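As a plain string of letters, each chain reads:
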Amino acid sequence: MDKAKTHFFLIDSFRGIASVWILALHILPSYLPDIDWLLSFIEFGRIGTDFFFVASGYVSAIACHKILSRKSKTGFALKRLKKIYSIYLFSLLLALIVVPLLMGCISFLKSKELIFDINLPTINDLFLYISLAKVFTSETWALNEAFIEINGVYWFIAVMVQIYLLLGIALKFKSKFHYIILSTFLLSLLCLFEDFKNLIPIGLFLPSFSKFFIGMILYFFILKRGRFDNNIFTSLLVIVCCCLFGLVIYLHLNGFKGDSYRLLSALTISLLLYLMHPIDRIIKNSLFGKTTFWLGTFSYSTYLNHIVFWPFMYMFVSNLIPLPLSVSAPVILVPLIIIC
């Protein structure tokens, strides 16, 4: 198999951009002046989460394709869960114990009192956090609310674990794999209708699966790119992509945030990645590409831990930097959180 078709540099590069944009979305609005166009641009970073679903679908499709082609052994779910859980459990340890301890030590330097603000969850809640079953306790489909006491972004990991388990089960029935995945995708599309979505248990992965599936389809289109590689088809895709991108921006400016909007966002991202695939190596060798690729190498850690490190780094910036937060937040606070 052609390595250029399996390793897509832009996926990692876009991961870096997405993680920083989401970080800015969560942190900067608290400190920046109320400038509509600036806040709107930052809030557009919500598409970063849609990109993470697409990217995860793309990478998972590579692994599934190798297993189905007998070029790799099974064990997909176990490998993915091991990788994602190692990051998640480390993040949980940081959020519950390490960062509160560090903040207590830093506050001692100023107040001369050693006060540790460690609020450990109950045994029952701790089990729900570790198992990620906490996502099912959300009262609405704003799944971040289930984890908001510690770190709202953990909802994404909870959903991804469910998707990986589904793929692992589907790979056990190799001859039926495509039927299982396609059927799940069609069910996820039905979740666009509120009446059907109300029948789904809150916290189940299904409403988010369509964005993941689009990432899987992106891989197979790139794998078979030679069949579609002609000027007319490419020109039509460019036009469609531009129209969709314009529509996504229009919907964003008018306050749309529902499932249909997020699916449209994921589709637009996938089309853009498909069209940019031929210039993958050019961007890879550019300074911008190298920088964003470097950010992408630890993008999931940035995504998971920026909320954890936010109050810790805020202590330094607000007390030691003689600048207004409207300046120090984007210039100093955000880079410090990324470094952490």
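Keep in mind that what you see is a predicted model, and the values were worked out from it rather than measured.

Draft legend 1. View of the overall build of the protein. Counting its regular elements, the protein contains 17 helices and 0 strands. Its C-alpha radius of gyration of 21 Å places the protein within 12% of the 20 Å reference for a compact globule of 340 residues. With respect to the principal axes defined by its C-alpha atoms, the protein has extents near 70 × 45 × 40 Å. Taking all 340 residues of the protein together, 47% fall into the buried category. In the protein, once contacts between residues fewer than 6 apart in sequence are set aside, the share between residues at least 24 apart is 74%. Of the roughly 17700 Å² of accessible surface on the protein, 68% is carried by carbon and sulfur atoms.

Draft legend 2. Examining the packing of aromatic side chains more closely. Taken as a whole, this structure holds 30 aromatic pairs when the rule is applied. Summarising the aromatic geometry, the rings of tryptophan 294 and phenylalanine 298 are spaced 5.1 Å apart at their centres and angled 80° between planes, so their arrangement reads as edge-to-face. Given a relative accessible area of 51%, tryptophan 294 falls into the exposed group. Aromatic rings pair up to connect Phe14, Phe51, Phe52, Phe53, Trp155, Phe156, Tyr300 and Tyr303 into one cluster.

Draft legend 3. Summary view of the environment of isoleucine 22. By secondary structure assignment, the location of isoleucine 22 is in helix H2 (residues 9-27). Residue isoleucine 22 is classed as buried on the basis of its relative accessible area of 2%. It is 8.4 Å that separates the C-alpha atoms of isoleucine 22 and glutamate 43, two residues lying 21 residues apart in sequence. Once residues lying within four places of it in the same chain are set aside, the contact partners of isoleucine 22 are Gly45, Gly48, Thr49, Phe52, Tyr303 and His306.

Draft legend 4. Broad picture of the pattern of salt bridges. The tally for this structure, following the rule as stated, stands at 5 salt bridges. A salt bridge links arginine 15 to aspartate 12, with the shortest nitrogen-to-oxygen separation between them at 2.6 Å. Residue arginine 15 and its partner aspartate 12 are located together in helix H2, separated by 3 residues, close to a single helical turn. Taken as a pair, arginine 15 and aspartate 12 share a single burial class, namely buried. Salt-bridge contacts for aspartate 259 lead to lysine 197; the nearest nitrogen and oxygen are separated by 2.5 Å. Taken together, the residues aspartate 259 in helix H13 (residues 259-276) and lysine 197 in helix H9 (residues 194-197) connect sequence positions 62 residues apart. A network of salt bridges, in which partner residues are shared, links Asp50, Lys211 and Arg262.

Draft legend 5. Representation of helix H15 (residues 287-296) within the structure. Gly289, Thr292, Leu295 and Gly296 are the residues of H15 that are buried. Buried residues of H15, seen end-on, are gathered within an arc of 125° and therefore sit on one face of the element. Across from the buried face of H15, at angles greater than 90 degrees, the exposed residues are Leu287 and Trp294. Those residues of H15 that are buried are in contact with H2, helix H14 (280-284), helix H16 (299-320) and helix H17 (325-339).

Draft legend 6. Expanded view of the side chain of asparagine 305. Its location among the elements puts asparagine 305 in helix H16. Discounting residues that sit within four places of it in the chain, asparagine 305 has contacts with Ser91 and Leu94.

The rules behind the values
Residues numbered from 1 in each chain as written. Predicted model: local features only at pLDDT ≥ 70, side-chain atom pairs only at ≥ 80, totals over all residues. Heavy atoms only, no water. Helix = DSSP H or I, 4+ residues; strand = E, 2+ residues; numbered from the N terminus. Rg over C-alpha atoms; globule rule 2.2 N^0.38 Å. Buried < 20%, exposed > 50% of the residue type's maximum accessible area, 1.4 Å probe, protein only. Contact = heavy atoms within 4.5 Å. Areas by Shrake-Rupley, 256 points an atom, 1.4 Å probe, with all protein chains shown as cover. Phe/Tyr/Trp six-rings, centres within 6.5 Å; stacked < 30°, edge-to-face > 60°. Salt bridge = Lys/Arg side-chain N within 4 Å of Asp/Glu carboxyl O. Arc of directions from axis to C-beta.

By themselves, these figures tell us nothing about what the structure is for.
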